[in-house]
Amino acid sequence: MKKWIPWILVVCFVAYIMGAFRAPKPKDGYDLAAFGRLPVLANGRIQPFDSIARNTLLTMSGKSKVKLSDGKYMGPTEWIIEAMTRPDDAATRKIFRTQHPDVESMLGTLGAKLEYYSFNDLTNHFEEIDTQARKIMEAEEVREAAGEDGSKLRTPFQKDLMHLYQSLVQFHFLQNTLQPEGATDFKHELHVYKEKIPVGLAALRASENGEKFEEVDLQTLSAFFKRYEGISKITFALIVPPLPDQSRDSWNNIGALLMDGMRSSEIHPAVSHLAAIASGYAKKQPTEFNQAIADYRVWLQMNKLVPDLKKGREEYFFNQVDPFTQSMAIYLVALLLAFTYWITLAPWVRKSAVSLGVLAFIVHTLGLGFRM
């Protein structure tokens, strides 16, 4: 019987790895996997929304999932679409990490250990966090003027505070990525915007020429201008792809393209698709959400963006399988078996350790090759 144990262990771990190949099931009717595969441009390369979500969560909290109040976990793709479209719900998630006692004392928490806060927990401390962060940045500017690297001279308190401050800024940018912060139905807002652009521009030209115009039309145009100009300066990720006649690198953010639409009276078609996705999730309409994603994928395919879709799909698959974590777990078991063999000298233990070590090496190598 013992001679079969190495093979049984290998089969069990292979089955464990293959389990990660299964496509995630829709949650509450929402095809979150389809959204997670959609391509965006961030950090100089095409990647899926899922990677943006994972990297952002790791930066903010040190984890790639969000623990909920009932003990369950929210995946990165679900978290990012919620953060971008349901701000009230997102504000309750404890994703902001601190660990210095002085920072925690400032936030009203006793003790010196790793603590997690929600956006709502920090609401009453925004001004103090901002004030302290600005003092640190001003002091660093003085040091840099003297030829020193200010960020490398931060104290543990300053490092922790600046991490919290930058996480809050990053969260704000994220909330203005798929739609303007505070939008409840971005699809409808775009419809109104399309209708108001021509009359607003006509009112603007009339005011410049000293002609009669409706003040309300000019005020509406001005309100849209201020709203979209603000988010045009926030480039957390470039989520709007280029048109067929544009450079493949000409990705942009929603705000910048809506500003262009104000000049040309036309809105980039991808913005309309993304707005429909945002509204479908914000209004809790899974059928509309899924259909909007399907329509957007068709548009991407028809506009010569199949390579970008492929990149998003492949990296999403890599994220789900997570071969490096898988191989690390197998390496650890193989190492424990090797230690056991040194004690027992049992041949089946040695064979089990070698077999699992070879399996881990294969998974690790395949992961490196796929990633490269």
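Here is a short report on the structure shown in this document. Source: prediction; values computed, not measured. (Residues numbered from 1 in each chain as written. Predicted model: local features only at pLDDT ≥ 70, side-chain atom pairs only at ≥ 80, totals over all residues. Heavy atoms only, no water.)

1. Quick notes on the overall build of the protein chain
- Across its full length, the protein chain holds 17 helices and six strands.
- With the C-alpha coordinates aligned to their principal axes, the bounding extent of the protein chain is approximately 95 × 50 × 45 Å.
- When contacts within the protein chain are restricted to residue pairs at least 6 apart in sequence, long-range pairs at least 24 apart make up 65% of them.
- Counting every atom, the protein chain has about 20,100 Å² of accessible surface; 57% of that belongs to carbon and sulfur.
- Averaging the coordinates of the 43 positive side-chain charges in the protein chain and doing the same for the 42 negative ones gives two points 12 Å apart. (Helix = DSSP H or I, 4+ residues; strand = E, 2+ residues; numbered from the N terminus. Contact = heavy atoms within 4.5 Å. Areas by Shrake-Rupley, 256 points an atom, 1.4 Å probe, with all protein chains shown as cover. Lys, Arg positive; Asp, Glu negative; His and termini not counted. Charge placed at Lys NZ, Arg CZ, Asp CG, Glu CD.)

2. Description of the pairing of strand β1 (residues 39–42)
- Burial along β1 is two-sided: P39 and L41 and V40 and A42, pointing in opposite directions, are all buried.
- With four bridges joining them, β1 and strand β2 (residues 45–48) adopt antiparallel strand pairing. Paired with L41 across the bridge in β2 is I46.
- What sits between the antiparallel neighbours β1 and β2 is a turn of two residues, in which N43 has the positive phi angle 55°. (Buried < 20%, exposed > 50% of the residue type's maximum accessible area, 1.4 Å probe, protein only. Pairing = 2+ DSSP bridges.)

3. Here's the deal with helix α11 (residues 215–232)
- The end-to-end C-alpha separation of α11 is 26 Å, in line with the 26 Å expected for 18 residues at 1.5 Å each.
- Taken together, the buried positions of α11 are occupied by L218, L221, F224, Y228 and I231. The arc enclosing the buried residues of α11, seen along the axis, measures out at 160°, which places them on a common side. (Expected span 1.5 Å × (residues − 1). Arc of directions from axis to C-beta.)

4. Details of helix α4 (residues 76–85)
- For α4, a buried count of 10 out of 10 residues is recorded, marking the element as mostly surrounded by other parts of the structure.
- Every buried residue belonging to α4 is among P76, T77, E78, W79, I80, I81, E82, A83, M84 and T85, and all of these are buried.

5. Re the pattern of salt bridges
- On inspection of all chains with the given rule, the structure shows 11 salt bridges.
- Between D185 and K283 there is a salt bridge, with its nearest N and O atoms 3.2 Å apart. With a gap of 98 residues between them, D185 in the loop between α9 (156–175) and α10 (186–208) and K283 in the loop between α13 (269–282) and α14 (286–302) connect regions that are remote in the sequence.
- Residue K283 is classed as partly exposed on the basis of its relative accessible area, which comes to 39%.
- One salt bridge connects R371 with E315, and the closest N-O pair in it is separated by 3.7 Å. Of this pair, R371 sits in helix α17 (residues 347–371) while E315 sits in helix α15 (residues 306–321), placing them 56 residues apart in sequence. (Salt bridge = Lys/Arg side-chain N within 4 Å of Asp/Glu carboxyl O.)

6. A closer look at the side chain of N253
- Position of N253 among the secondary structure elements: in the loop between α11 and α12 (254–264).
- By relative accessible area, which is 3% here, N253 ends up buried.
- Of note is the side chain of N253, whose polar atom sits 3.0 Å from the backbone oxygen of S232.
- Apart from residues no more than four positions distant in its own chain, N253 is found in contact with I231, S232, I234, T235, L238 and V240. (Polar contact = N/O pair within 3.5 Å; in protein donor to acceptor, adjacent residues only side chain to side chain.)

7. Quick look at empty space enclosed by the protein
- Across all of its chains, the model carries one cavity of 30 Å³ or more by this definition.
- Of the voids in this model, the largest cavity is the one considered here, and its volume is about 50 Å³.
- Lining the largest cavity are N176, T177, I231, I234, T235, F236, A237, I239, N253, I254 and G255.
- Per-class residue counts for the lining of the largest cavity are six nonpolar, five polar and no charged. (1 Å grid on protein atoms, 1.4 Å probe; cavity = no way out; pocket = protein on both sides within 12 Å on 5 of 7 lines; lining within 4 Å. Points joined across faces, edges and corners; volume = space filled by probe spheres on them. Nonpolar A, V, L, I, M, F, W, Y, C, P; charged D, E, K, R; others polar.)

8. Side note on the packing of α10 against α13
- Taken N-terminus to C-terminus, the directions of α10 and α13 make an angle of 140°; their axes are 7 Å apart at the nearest point. It follows from the interaxial angle that α10 and α13 lie oblique. Between α10 and α13, the residues in contact are F186, K187, L190 and K194 and V271, S272, A275, A276 and S279, respectively.
- A class-by-class count of the residues in the contact of α10 with α13 yields five nonpolar, two polar and two charged. (Axes fitted to C-alpha atoms, helices over the stretch in contact; angles between N-to-C directions. Parallel < 35°, antiparallel > 145°, perpendicular 65-115°, else oblique.)

9. Remarks on the environment of K2
- Along the chain, K2 falls in the segment before α1 (5–19).
- Judged by relative accessible area, which is 53%, K2 ranks as exposed.
- Considered as a pair, K2 and D308 are 306 residues apart in the sequence and their alpha carbons are 50 Å apart.

10. A few points about unusual backbone geometry
- Unlike most non-glycine residues, N43 shows phi in positive territory, near 55°.
- For N43, the position within the fold is in the loop between β1 and β2.
- Phi at K304 is positive, roughly 60°, even though this residue is not glycine.
- As for its position among the elements, K304 is in the loop between α14 and α15.
- Given the relative accessible area of 61%, K304 is considered exposed.

11. Description of a nonpolar patch on the surface
- A cluster of nonpolar residues, Y331, V354, V358, F361, I362 and L366, forms a patch on the protein surface that exposes about 570 Å² of accessible area.
- Sort the elements by how many residues they give to the nonpolar patch and α17 lands first, with five residues.
- Along the chain, V358 turns up in helix α17. (Patch = residues over 30% accessible without salt bridge, like charges linked within 9 Å, V, L, I, M, F, W, Y side chains within 5 Å.)

12. A look at the nonpolar core
- Residues F35 and W79 are the most contacted members of the largest nonpolar core, which totals 75 residues.
- The contact partners of F35, leaving out residues within four places of it in the chain, are F49, T77, I80, I81, M84, L178, I277, F289 and I293.
- V10, A346, L359 and V363 belong to the second-largest nonpolar core, a separate cluster that totals 13 residues. (Core = buried A, V, L, I, M, F, W, Y, C linked by side-chain atoms within 4.5 Å.)

So far we have only geometry, and geometry alone does not tell us how the molecule works.
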